[in-house]
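For reference, the chains in residue letters:
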Amino acid sequence: MDANVRERIIKMKSMVFENLMESYIPFPMDKKLYSSWTESLERNKKTVLYTSYMYQISGILKRYEKLFPKIYRVNMPKKLISLSKFIIRPSDSELQRSFSILNNISSMLKKNGIDFGYLYEDEPYSGAILLESGFLYEFQKYGEKLRDFFHDRGIEKLITVDPHTTNALNRLKEIINFDIDVVNYLEIINFKGSGDYVIHDSCLYSRALNMYDPIRAKIKNAGINIHEDYLVTSREMGFCCGGPLSLISESDSEEISKMRSESLLKVNNNVMVMCPLCFENLSPYIDNIKDLAEVVS
Amino acid sequence: MDYEWNVAINKAIVNNAPKVEKILRENPYINDLAADLREKKLDVLNNIDKYIKQTEESVLRSGGGFHLARDSNDAIDIVRKIIGDKKNIVLSKSNVLYEIKLRETLASEGRDIWETDLGEYLVQINNDMPSHLIAPAIHLTKEKVGKILNENLDKSIDENSKTEDMVHSVREFLMKKYLAADVGITGANAVSADSGSVILVENEGNIRMDTVLPGIHIAITGIDKIVPTLKDAFNEAIVQAANAGFYPPTYINVSSGPSSTGDIELKKVTPATGPREFHLILVDNGRSDAIKSDLMESLLCIRCGRCYFSCPAYRLYGKDFGTSPYTGPTGIMWSAIIFKEYDKSEMCMHSGGCGEVCPMKIPIPKIIEKIKFRYTG
Ligand code: SF4
């Protein structure tokens, strides 16, 4: 593999790690804006809904990835990186979509009798990017800091809303003594819905977190008609949206996204996802694509 | 993506994955065998020195020669000592033979050495490398095979020939090679420590020829292929074949020492019709270091090749995903163990299908995560 790729990955690692250790976010972002999807949740609760900004930033992640090399080239001091030039904002429609998904998740949780709060702009990022890039040492170090952050605020339980955050926190339980309860919203709510869909499973939910069957059972119970094909949607044969490859090669990543979209569309025209990153990667090739939280209530 | 590769891999997946799923659904005992085999193989890895010693004693007891090779050069030197100046050699498909570069090394010494598995033979005459553990020529379409055979073997074969005619033409050629061969060199699907037997699974019948017709049979394999008993070795053959999509396998070959007969007064006499010499060479080449590391479970791999077809990176990159012959998800682990190459792990998306289908329940995505860490950590 191209030696530049290694260099780029290592540089990205140190930059993301330094940012996280300093400010709990992987790169400059407007936390106030991203946490403004609600005003009605209490701040000081032992159980909090934990977005890790995933839905809010999913639309701009690729643009950040493109920006990384530029930031390295100018070898910019960390303080300057946080200047507005490097803050990318999602479009209004991207932002509104993510806000309405989070609001729907929040109202479904309440409907199911769950009491929870939200950390607003104090919310830290989970560190998932470190784990998923193989930066295990840095992931562990940041995980310890994250655990202390939650301890300091008296938080005992986190309700996650996306697979990457859920997986990262579960892995922290294996690696360090991360003694905060982690539960994904799909595990604790029931919902209603309708329509015909082919599911593009999140690799992490379905295979790493063993949620393939329980999620399907809930979707079927909700009244949604699921179309299956062993080669496309089974736990064994379903595959990635291509997103994780974009750090290595954008065109290869797009090729996987295209391949995956084509195979899903052969099963049904309506595609359902459960991860904000899957949505980003597949939506350029699929007209009728929706997140589960846009379909159920 | 390369168009030919795209067509070839999609055909292979459609032909193979549902078939394997059906075999395992209809024969649930195979998953039970696999679970048991995993435990047995873990026991071997945790006590590798003891099992190597037991294997050695068993092979010697059955009249064979036993050799332990530290690395590739050591393995090839052992082969040279065994075969002396013998020139005519037939090979059966084996990743370890590629790993130690056996064919190219012996060919460069002027020996007449031939792959006898059809796919491997095509790879050999095309000066290529295998693209899949059990289907080495998966990247070649029928048309391409016709062209390769036309240029290298038989002018009467071309792109439009029937597959049956292509196979027949290769068969005719190889038959002459089997009959002339002084030495047959194979790999092993499993080696049983209690009896010193080598188990080989196949469908073509070439391994039967390689192990019986030449006067010397040499089996070369990794120390990871040892299992405690002959029963475990048969189980491994069944589990491997089923997960590769071949069930029942056409042939399971057992070689325990050289050929012998007891037909006259029940006195065992060696040789009889088959080989007069049998040798087992167990290769280390980084395996014992890996056993002591966080890559240990990679050595449970039984080379069924099932993980390849659940992997998006293999679909996209083909044999570039890994270092040939170790490609695909298992190949990322084995490229790290044998060649200390870690870079291709970055192509892995952690889709996780590999870990789902692996009969040995190797946590492949987590192991690849550790290999990524070796690359950039
Ligand atoms: S890693 Fe598992 S699935 Fe892949 S070849 Fe080895 S045994 Fe088969």
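- The name an unreviewed UniProt entry assigns to chain B is (Fe-S)-binding protein, from the organism Acidiplasma aeolicum.

- Going by what an unreviewed UniProt entry lists, chain A is known as Fe-S oxidoreductase and is assigned to Acidiplasma cupricumulans.

### Observations concerning the overall build of chain B
Then, in step 1: Broken down by element type, chain B carries 16 helices and 12 strands.
Then, in step 2: The globule rule puts the C-alpha radius of gyration for 377 residues at 21 Å, and the 20 Å found for chain B is close to it.
Then, in step 3: Across its three principal axes, chain B shows a C-alpha extent of roughly 60 × 55 × 45 Å.
Then, in step 4: In chain B, which comprises 377 residues, the proportion classed as buried is 61%.
Then, in step 5: In chain B, once contacts between residues fewer than 6 apart in sequence are set aside, the share between residues at least 24 apart is 72%.
Then, in step 6: Summed over all atoms, the accessible surface of chain B reaches about 14,700 Å², with 51% contributed by carbon and sulfur.
Then, in step 7: Charge separation in chain B, taken as the distance between the mean sites of 46 positive and 52 negative side-chain charges, equals 1 Å.

### Digging into the overall build of chain A
Then, in step 1: Scanning chain A from N- to C-terminus turns up 16 helices and 8 strands.
Then, in step 2: Taking 19 Å as the expected radius of gyration for a compact globule of 297 residues, we find that chain A reaches 19 Å, a close match to that expectation.
Then, in step 3: Principal axes of the C-alpha set define a box for chain A whose edges measure 55 × 45 × 40 Å.
Then, in step 4: A buried classification covers 59% of the 297 residues belonging to chain A.
Then, in step 5: Long-range contacts, defined as pairs at least 24 residues apart, comprise 75% of the intrachain contacts of chain A with a sequence gap of at least 6.
Then, in step 6: With an accessible surface of roughly 12,200 Å², chain A has 46% of that area assigned to carbon and sulfur atoms.
Then, in step 7: On chain A, the mean spot of the 38 positive side-chain charges and the mean spot of the 40 negative ones are 2 Å from each other.

### Section: the nonpolar core
Then, in step 1: Phe150, Tyr185 and Ile219 of chain A together with Leu102, Ile185, Ile218 and Ile220 of chain B are the most contacted members of the largest nonpolar core, which has 203 residues in total.
Then, in step 2: Ignoring any residue separated from it by four or fewer positions in sequence, one finds Phe150 of chain A in contact with Tyr50, Leu119, Pro124, Ile155, Leu158, Phe178 and Ile180 of chain A.

### A word on the UniProt feature "domain: Cysteine-rich" (unreviewed entry) in chain A
Then, in step 1: Cross-referencing UniProt, the feature "domain: Cysteine-rich" (unreviewed entry) maps to residues 198-282 of chain A in the present numbering.
Then, in step 2: Between the C-alpha atoms that bound residues 198-282 of chain A the distance is 13 Å, and the span itself is 53% helix and 11% strand.

### Some remarks on the site of the ligand
Then, in step 1: Surveying the vicinity of the ligand reveals the residues Leu133, Cys301, Ile302, Arg303, Cys304, Gly305, Cys307, Thr330, Cys358, Pro359, Ile362 and Ile364 of chain B.
Then, in step 2: Among the residues forming the shell around the ligand, the class breakdown is 9 nonpolar, 2 polar and 1 charged.

### Digging into the sheet that holds strand 2 (residues 117-118) of chain A
Strand pairing in a sheet relies on backbone hydrogen bonds, with the paired strands running either antiparallel or parallel.
Residue and element names in this part refer to chain A.
Then, in step 1: In spatial order, the strands read 2-1-3-4; together these 4 strands make up an open sheet with parallel pairing. Of all the strands in the sheet, the pair left with one neighbour each is strand 2 and strand 4 (181-184).
Then, in step 2: Inspection of the sheet shows strand 1 (residues 47-50) paired to strand 2 by 2 bridges, in the parallel sense. Each bridged residue has a counterpart across the sheet, and for Leu49 the counterpart in strand 2 is Tyr118.
Then, in step 3: Packed onto the sheet, helix 9 (residues 163-175) meets strand 1, strand 3 (157-160) and strand 4 and runs at close to 150° relative to strand 4.

### Considerations on the sheet that holds strand 9 (residues 251-255) of chain B
Residues and elements named next belong to chain B.
Then, in step 1: Here 4 strands make up an open sheet; going across it, the order is 8-5-6-9 and the pairing mixed. Unpaired on one side and paired on the other, strand 8 (226-227) and strand 9 mark the two borders of the sheet.
Then, in step 2: Here 5 bridges tie strand 6 (residues 197-202) to strand 9, and the two strands are oriented antiparallel to one another. Note that in strand 9 the partner of Glu202 across the bridge is Tyr251.
Then, in step 3: Those strands touched by helix 11 (residues 230-244) are strand 5 (190-192), strand 6, strand 8 and strand 9, and its axis lies near 15° from that of strand 6.

What counts, and where the lines are drawn
- Residues numbered from 1 in each chain as written.
- Chains lettered and ligands numbered in written order.
- Predicted model: local features only at pLDDT ≥ 70, side-chain atom pairs only at ≥ 80, totals over all residues.
- Heavy atoms only, no water.
- Helix = DSSP H or I, 4+ residues; strand = E, 2+ residues; numbered from the N terminus.
- Rg over C-alpha atoms; globule rule 2.2 N^0.38 Å.
- Buried < 20%, exposed > 50% of the residue type's maximum accessible area, 1.4 Å probe, protein only.
- Contact = heavy atoms within 4.5 Å.
- Areas by Shrake-Rupley, 256 points an atom, 1.4 Å probe, with all protein chains shown as cover.
- Lys, Arg positive; Asp, Glu negative; His and termini not counted.
- Charge placed at Lys NZ, Arg CZ, Asp CG, Glu CD.
- Core = buried A, V, L, I, M, F, W, Y, C linked by side-chain atoms within 4.5 Å.
- UniProt positions renumbered as here; feature names shortened; annotations may be inferred.
- Near = heavy atom within 4 Å.
- Nonpolar A, V, L, I, M, F, W, Y, C, P; charged D, E, K, R; others polar.
- Pairing = 2+ DSSP bridges.
- Axes fitted to C-alpha atoms, helices over the stretch in contact; angles between N-to-C directions.

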